[in-house]
Amino acid sequence: MTSTVGPIGTTASGRRETAAPDGLRARLARSLRRNGPGYLFLLPWLVGFFGLTLLPTVGSLYLSFTDYDLLNPPRWTGTANYSYAFFEDTRFRSALSVTFHYVLWSVPLKLIVALALAMALDRGVRGISVYRAVFYLPSLLGSSVAVAVLWRQIFGDAGVVNQLIALVGLKGPSWITHPDYALWTLIVLAIWQFGSPMIIFLAGLRQIPQEVHEAAAMDGAGPARRFFRITLPLLAPVIFFNLVLQTIDAFKAFTPAFIVSGGNGSPIDSTLFYSLYLYIEAFANFRMGYAAALAWILLVIISIFTALAFLTSRYWVYYEDEGR
Amino acid sequence: MNAAAPRANGTRRQFVRHAILIAAALVMIYPLLWLISSSLKPENLIFHNLGLIPEKLQLDNYAQGWTALRFSFGRFFLNSFFVAGMAVVGNLLSCSLAAFAFARLNFRLKKLWFVLMLGTLMLPYHVTLVPQYILFLHLGWVNSFLPLIVPKFLAIDAFFIFLMVQFFRGIPREIDEAAIMDGCGPWRIYWRIMLPLSTPVLATAAIFSFIWTYDDFLGPLIYLNDMRDYTVPLALRAFVDATGESRFGQLFAMSTLSLIPVFIVFLAFQRLIIRGVALGALKR
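Just so we're clear, the structure is a prediction, and the values are computed from it rather than from any experiment.

A. Quick peek at the overall build of chain B. Looking only at helices and strands, one finds 14 helices and zero strands in chain B. Reading chain B from its N end, one meets helices and strands in the order α-α-α-α-α-α-α-α-α-α-α-α-α-α. Expressed as a percentage of the 284 residues in chain B, the buried residues total 55%. In chain B, the proportion of contacts linking residues at least 24 apart, taken out of those at least 6 apart, comes to 71%.

Structure follows, in C-alpha cells:
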C-alpha cells in the first residue's frame, strides 16, 4: 500500500525545505499552497472521521465506565459495567454463546458451500452467468427484512420445511419457537447467502493457471490430490480474506435475528445475537453505558479473532508475490 | 478434464455437473419463488401445498396490503427511495473527494490519515452506535432522515473510498500531468478528468450504496419513530406486529414488492455487482 505520489500544485518532491530565511507568513503561505488542496478534498472525510468515528469511539469508551440513561448525566461507575457483564449478567452469557455458535457454524459451512459451488462453476460450464446470478441473488437480498419474514414462515409450524418433512411421513418440530432449533434456522439462512464468498472464490480460482493442474494430472495426481495440493494452497489468500470478512460480518448480524425472534431473542434467548442484545440494552432499556461496554467487549473479541487469523495466516497462507 | 477420458465420459460428467448445479439453483431460488407465489394465492390456500403455481391467481393481497397500515406503502417507498437516493449522492461525492486526495494529492500526514481510514473499515458499527445516537439526539435530528443521510455526505463508508482509491491509482498519471501543464487545478482534474474516467467504479459504489441503504434496518429502527417517516423495512416489520401474522398473503405481497427495487438493480447491473464483489478481494 505504499504510494509514491507525484504532487499536484507543487514542483518540489514533497521534502520540506528548512532553514529558508523567509518569514512565518511566507512559510505558512507555502505550506497552505502545498497542503491546502489535499486537505480541502479530504475535508468531508475528516469531519466524518472525527465527528462520527473517532470522537464517538472515545465517547463510547468513556460511557462504558458510566451509568447513563439519556435523562440524567452519565455517572462514573468504574468497571462496574464490565464486572456485571462477566460475572452476573446471564443474558450477556447467552448472547455470547449464541453468537459464538452462530459464527462457528455458519462461517465454515458457508465457506465450504461457497468453495464447492465455485469449483463446480469454475471452468467450462455452460450458462455460468445464469447460475452465478441465481446463487448470488440470496446474498444480495439476504439482509432485507422481507427475507427474514419469509424465513420465519418457511420454518414455521405449517411452513414449507415441515410440509417437506411431512412428505416422508415425519412430523417436524416448530423450528422458530423451539430453543434447540431456532438458532439453526438462522445458520441455514446465513449459509443460503454463500453467493458473495462464492464469487470471490471464483475470481480466485480463475487466477490459478490451468497448466498447473494439467501438469499434476500428467504426473498422475487424482482430483482429490490436486484439490488438496494445488487448489487449496493457491487459494489460501482468498480463503483467508473470505474467512476474516465473513467472521466479522457474522459477529455483526442483526436483522435476521431481530425479525425471526420477534425482537427479543426468543425462544428463551436462543437467538439473542450479541448485536440484538446490545440494541435491547441501549434502545429498549436505555442503559447506554452498559451498551457501550458491550460494544467494547465485542470490539476486543473481534480484534482477537482478526489478530489470530492474521497471526496464524503466516503458517497457512502463501502469497505468490511475497516469494517466501 | 482428464485427457485420456473418452468423449462420452466427458459428456456424462458435464451432465452430472449440470444436474447438481440445477438442483442447487432450485434450492436457492425456491424460497423466493414460494414467496411470490404465496403472495398471489388466497389467504386460506397459502399453506395448502408446496406447489408454486397458484390454483387461483389473484392480486387482492397486493391491493389490501398496500393500504393495511396507517400510511400507504407508497409513502414508505418514497421515504426509502429518498433516503437511499441521498445516500448514493452523498457517498459518491464525499468518498470520491477523499479517494482523489489519497490517490493523487500530496499533503502532510497523508499516510497517517490513509491508515486511519483503512482502520475504520474494521471497526464494528456497535462501537460508535450509542455515542452517535446521543450526538444526533442532542442535535435534534432523531425522528428525521438526517442521521441516515448526513453521515453519507461525510464519507462514513470507508469501503467505497478504498474501492475508488484502487481505481484512481489505475488511471495513468500522465493524464493529470498533461492537465496540469494546461493549467488545470486539482478541482478541475478531479471533476473533469478523474470522475468521467471512473464511471465503472462510481456506478459500482452507487449500486451498493443504494442496495445497502435501501435494505438497512437498524438505522431506521433507531432513528425513525414516526410511522410517517418509516422506510420499507420498518413498515414490513410494523406489518408483522400490527397483524400478528394473521394476514400472511398481504405480508408476502408487501415483502415481494419490497424486494423488487433491489431485484431490478440486480438485473440491470449484474456484471458491475459481480465485479464489485470480487474487486476488493483480489486487488491489493
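The rest of the description comes next.
B. How the structure looks around the overall build of chain A. Counting its secondary structure elements, chain A contains 13 helices and two strands. Against the compact-globule benchmark of 20 Å for 324 residues, chain A has a radius of gyration of 26 Å, which places it well outside the compact range. Principal axes of the C-alpha set define a box for chain A whose edges measure 95 × 70 × 35 Å. By the burial criterion, 52% of the 324 residues in chain A qualify as buried. Residue pairs at least 24 apart in sequence account for 66% of intrachain contacts in chain A once pairs closer than 6 positions are excluded.

C. Geometry of the interface of chain B and chain A. Between chain B and chain A, the contact holds 102 residues from the first and 99 residues from the second. For the pair chain B and chain A, the summed buried area comes to about 8800 Å², and 77% of that belongs to carbon and sulfur atoms. The interface formed by chain B and chain A holds zero salt bridges in total. One can count nine residue pairs in polar contact (both at pLDDT 80 or more) joining chain B with chain A.

D. Molecular detail of the packing of aromatic side chains. Using the criterion set out here, one finds 59 aromatic pairs over all chains in the structure. Relative to A:F92, the ring of A:F86 has its centre 5.5 Å away and its plane inclined at 85°; by these criteria the two rings are edge-to-face. Residue classification places A:F86 among the partly exposed residues on the basis of a relative accessible area of 44%. Taken together, the ring pairs connect A:F254, A:F258, A:Y279, A:F283, B:Y133, B:F136, B:W141, B:F217 and B:Y223 into an aromatic cluster.

E. Local environment of the environment of A:R206. All names here are of chain A. Topologically, R206 is positioned in helix 8 (residues 195-206). Taking the C-alpha atoms as reference points, R206 and R123, separated by 83 residues in sequence, lie 8.5 Å from one another. Sequence-distant contacts of R206, defined by excluding residues within four places in its chain, comprise D122 and I128.

F. Here's a closer look at the pattern of salt bridges. All names here are of chain B. Counted by the stated rule, this structure contains five salt bridges over all chains. A salt bridge links D176 to R104; its shortest N-O distance comes to 2.5 Å. Of this pair, D176 sits in helix 8 (residues 173-181) while R104 sits in helix 3 (residues 73-104), and the two are 72 residues apart along the sequence. Of the two residues, D176 and R104, neither departs from the other in class, the shared state being buried. In this structure, the salt-bridge partner of D157 is K152, at a minimum N-O distance of 3.6 Å.

G. Molecular detail of the nonpolar core. In terms of nonpolar packing, the biggest core is built from 206 residues, with A:W45, A:F135, B:F102 and B:I161 touching the most fellow members. B:I161 has contacts with A:W45, B:C95, B:A98, B:A99, B:F102, B:M117 and B:A155, leaving out every residue within four places of it along the chain.

H. Local environment of the confidence of the model for chain B. Summary statistics for chain B give a mean pLDDT of 85 and a share of 89% for residues scoring 70 or more. Reported for the predicted complex are a pTM of 0.85 and an ipTM of 0.85.

I. Examining the packing of helix 3 (residues 90-121) of chain A against helix 13 (residues 288-316) of chain A more closely. Residue and element names in this part refer to chain A. As a packed pair, helix 3 and helix 13 sit with axes 13 Å apart at the nearest point and diverge in direction by 30°. Our classification of the angle between helix 3 and helix 13 gives roughly parallel. Where helix 3 crosses over helix 13, the handedness of that crossing is right-handed. Here F92, L96 and F100 of helix 3 lie close against helix 13, whose contacting residues are Y290, L294, I297, I301 and F305.

J. Seen up close, helix 10 (residues 223-252) of chain A. Taking 1.5 Å per residue as the helical rise, helix 10 of chain A with its 30 residues ought to reach 44 Å, whereas the 37 Å between its terminal C-alpha atoms falls clearly short. Its axis deflected by about 60° at A:A236, helix 10 of chain A carries its strongest bend there, up to four residues before the proline A:P237.

K. Representation of the confidence of the model for chain A in the model. Residues and elements named next belong to chain A. Model confidence for chain A is summarised by a mean pLDDT of 82, while 90% of its residues fall at 70 or above. Helix 12 (residues 274-284) holds the highest mean pLDDT among the elements of chain A, 92, whereas helix 6 (residues 160-167) holds the lowest, 76. Segment residues 1-7 is flagged for pLDDT under 50; beyond a separation of four residues in sequence, or across chains, it makes 16 contacts in the model. Below a pLDDT of 50 lies the segment residues 9-15, which in the model reaches five contacts outside its immediate sequence neighbourhood of four places, other chains included.

L. Region of the structure containing a nonpolar patch on the surface. A cluster of nonpolar side chains, A:L164, A:L167, A:V168 and A:L170, forms an exposed patch at the surface whose accessible area comes to about 450 Å². Here A:L170 is to be found in the loop between helix 6 and helix 7 (182-192).

M. Broad picture of unusual backbone geometry. Residue and element names in this part refer to chain B. A positive phi is found at N143, a non-glycine position, where the angle reads about 75°. Within the secondary structure, N143 sits in the loop between helix 5 (126-138) and helix 6 (146-153). Here N143 falls in the partly exposed class, since its relative accessible area comes to 38%.

N. Representation of the side chain of A:T66. Residues and elements named next belong to chain A. Following the sequence through the fold, T66 ends up in strand 1 (residues 66-67). A relative accessible area of 0% means that T66 is categorised as buried. Here the side chain of T66 touches L63 through a polar contact of 2.7 Å, landing on its backbone oxygen. Ignoring any residue separated from it by four or fewer positions in sequence, one finds T66 in contact with P74, R75, W76, T77, N81, G289 and Y290.

O. Broad picture of the packing of helix 9 (residues 186-197) of chain B against helix 10 (residues 199-215) of chain B. Residues and elements named next belong to chain B. Closest axis-to-axis distance for the helix 9/helix 10 pair is 5 Å, and the angle between their directions is 75°. Our classification of the angle between helix 9 and helix 10 gives roughly perpendicular. Of helix 10, the residues touching helix 9 (which contributes L195, P196 and L197) are T199, P200 and L202. When grouped by side-chain class, the residues that make up the contact of helix 9 with helix 10 number five nonpolar, one polar and no charged.

P. Quick look at the side chain of A:T185. Residue and element names in this part refer to chain A. In this fold, T185 is placed in helix 7. Residue class for T185 comes out buried when judged on its relative accessible area of 1%. Reaching out from T185, the side chain makes a polar contact with the backbone oxygen of A182 at a distance of 2.5 Å. In this structure T185 touches W151, F155, W175, I176 and V260, once residues within four positions along its chain are discounted.

Q. Layout of the environment of B:A205. Residues and elements named next belong to chain B. Mapped onto the elements, A205 comes out in helix 10. Sequence separation between A205 and C95 is 110 residues, and the spatial gap between their C-alpha atoms is 9.4 Å. Excluding its chain neighbours within four sequence positions, the residues that come into contact with A205 are L92, F160 and M164.

Parameters and conventions
Residues numbered from 1 in each chain as written. Chains lettered and ligands numbered in written order. Predicted model: local features only at pLDDT ≥ 70, side-chain atom pairs only at ≥ 80, totals over all residues. Heavy atoms only, no water. Helix = DSSP H or I, 4+ residues; strand = E, 2+ residues; numbered from the N terminus. Buried < 20%, exposed > 50% of the residue type's maximum accessible area, 1.4 Å probe, protein only. Contact = heavy atoms within 4.5 Å. Rg over C-alpha atoms; globule rule 2.2 N^0.38 Å. Buried area = accessible area lost by both parts, 1.4 Å probe. Salt bridge = Lys/Arg side-chain N within 4 Å of Asp/Glu carboxyl O. Polar contact = N/O pair within 3.5 Å; in protein donor to acceptor, adjacent residues only side chain to side chain. Phe/Tyr/Trp six-rings, centres within 6.5 Å; stacked < 30°, edge-to-face > 60°. Core = buried A, V, L, I, M, F, W, Y, C linked by side-chain atoms within 4.5 Å. pLDDT = per-residue confidence, 0-100. Axes fitted to C-alpha atoms, helices over the stretch in contact; angles between N-to-C directions. Parallel < 35°, antiparallel > 145°, perpendicular 65-115°, else oblique. Left-handed = near helix turned anticlockwise from the far one by under 90°. Expected span 1.5 Å × (residues − 1). Bend = angle between axes of the 7 residues up to and from the residue. Patch = residues over 30% accessible without salt bridge, like charges linked within 9 Å, V, L, I, M, F, W, Y side chains within 5 Å. Areas by Shrake-Rupley, 256 points an atom, 1.4 Å probe, with all protein chains shown as cover. Nonpolar A, V, L, I, M, F, W, Y, C, P; charged D, E, K, R; others polar.

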